[in-house]
Amino acid sequence: MLVDKPPKGPQWAFEVKWDGYRLAVHVEPGRVRVITRGGYDWTRRFAAIAAEARQLGHESMILDGEAVVLDEKGRSDFGALQRALGWKPSLHDPREILFFAFDLLYLDGHDLRREPLRERRRLLEPIVAGVIKLSEEVEADGDEFYRIACEHGLEGIIAKHRDKTYHSGRGDWWQKITCKRRDSFIIVGFEPSDVVPGALGRLLLAARKGNGLVYVGGVGTGWSHEMSTELRKLLEGIVTKTPAVNLTRKNAVFTEPRLVAEVEYRAWTGDQKLRHPSFKGVRERADEATVYSVDAEGMASGRDGRMR
């Protein structure tokens, strides 16, 4: 649940908001699975995390957390994570990917979802090791922690109610306070660059609306020249003559709605387009649970399922 200010009171615990892939690590007798929010098995992509989970000394458990790559200042870097996963040639090693565990849902035959968060955290703390790390709780005033997080260039903070049982989906027991507005939108096309041959001018973006998609504007900043040309090559492989949205633009090249762009922006314009957007990364639509939704009246209404 996205809120404007951190909640008050000793019942609230605070953590850094990591910028990565939300995953559940399932340790079972004879195998380990790494599952995305959308239910996809990405064990091969996160092989180091799966291998570490096998060594944690428990026959069965489910860890809830975020896969990240840290920059030189210890901040999570979503672009570096994508490169480590092999989206494009990279200097990043897949072994740089860390898993910050922030919840424990199941342990050695015991379903812990009905236990309060404080008890689940108590059981989680001694388990983590290696590339699987604990997402630390910060003992601090929420407003002060939020201020410091933003000053240090973090994406934001998470507030969790210590006494609540586990619930999937959104709710007021788990609150997200971001330093800037950032959401995920489906890429429905692009405009070629007028200046640099083979590069992007703008990405054309859409949000969910009911069972369909609605155009919410474009983004033309936030990428390097190398990333721009690589992303254009990727999009040229999924060009379509049938736009996924009702849109006519002279130079537009429409694509199948397979990819999702992470976008940082300031606000919404009066005609429901993104104001001052900046590109931050690209996801596959297999992680579709993150895509922004608008309500039936067309007004921007909420972040559809991005729980961290």
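Analysis parameters
- Residues numbered from 1 in each chain as written.
- Predicted model: local features only at pLDDT ≥ 70, side-chain atom pairs only at ≥ 80, totals over all residues.
- Heavy atoms only, no water.
- Helix = DSSP H or I, 4+ residues; strand = E, 2+ residues; numbered from the N terminus.
- Buried < 20%, exposed > 50% of the residue type's maximum accessible area, 1.4 Å probe, protein only.
- Arc of directions from axis to C-beta.
- Contact = heavy atoms within 4.5 Å.
- 1 Å grid on protein atoms, 1.4 Å probe; cavity = no way out; pocket = protein on both sides within 12 Å on 5 of 7 lines; lining within 4 Å.
- Points joined across faces, edges and corners; volume = space filled by probe spheres on them.
- Pairing = 2+ DSSP bridges.

Caption draft 1: Quick peek at unusual backbone geometry. Positive phi, normally seen in glycine, also occurs at Asp-108, with a value near 45°. Note on placement: Asp-108 falls in the loop between strand E5 (98-107) and strand E6 (110-111). A relative accessible area of 35% places Asp-108 in the partly exposed class. Phi is positive for Gln-272, which is not a glycine, with a value near 65°. Inspection of the secondary structure assignment puts Gln-272 in the loop between strand E15 (267-268) and strand E16 (274-275). Judged by its relative accessible area of 15%, Gln-272 falls in the buried class.

Caption draft 2: Here's a closer look at helix H3 (residues 117-124). Of all the positions in H3, only Leu-117, Arg-120, Arg-121 and Leu-124 are classed as buried. For H3, the arc enclosing every buried residue in end-on projection is 100°, short of the 170-degree limit, so these residues lie on one face. At its buried positions, H3 is contacted by strand E1 (12-16), strand E4 (61-68), E5, strand E7 (132-134) and strand E8 (156-161).

Caption draft 3: Local environment of empty space enclosed by the protein. Here the structure, examined in full by the defined rule, presents 3 cavities of 30 Å³ or more. For the largest cavity, the calculated volume is near 80 Å³. For the largest cavity, the full set of lining residues is Asp-103, Leu-117, Arg-120, Lys-160, His-161, Lys-164, Thr-165, Tyr-166, His-167, Trp-173 and Trp-174. Sorting the residues of the lining of the largest cavity by element identifies H3 and E8 as the ones contributing at least two each.

Caption draft 4: Molecular detail of the side chain of Arg-232. On the secondary structure map, Arg-232 appears in helix H5 (residues 225-236). Arg-232 sits in the buried class, given a relative accessible area of 15%.

Caption draft 5: Representation of the pairing of strand E10 (residues 181-192) within the structure. For E10, the tally of buried residues reaches 10 of 12 residues, placing the bulk of the element in the interior. The pairing of E10 with strand E14 (residues 259-265) spans 6 bridges and is classified as antiparallel. Counterpart to Arg-182 in the pairing with E14 is Glu-264. Pairing between E10 and strand E11 (residues 200-209): 6 bridges, direction antiparallel. Bridge pairing links Phe-190 to Leu-203 in E11. Relative to strand E13 (residues 253-254), E10 runs antiparallel, the two sharing 2 bridges. Residue pairing in the sheet places Phe-190 in a bridge with Val-253 of E13.

Read these as spatial facts, not as claims about activity.
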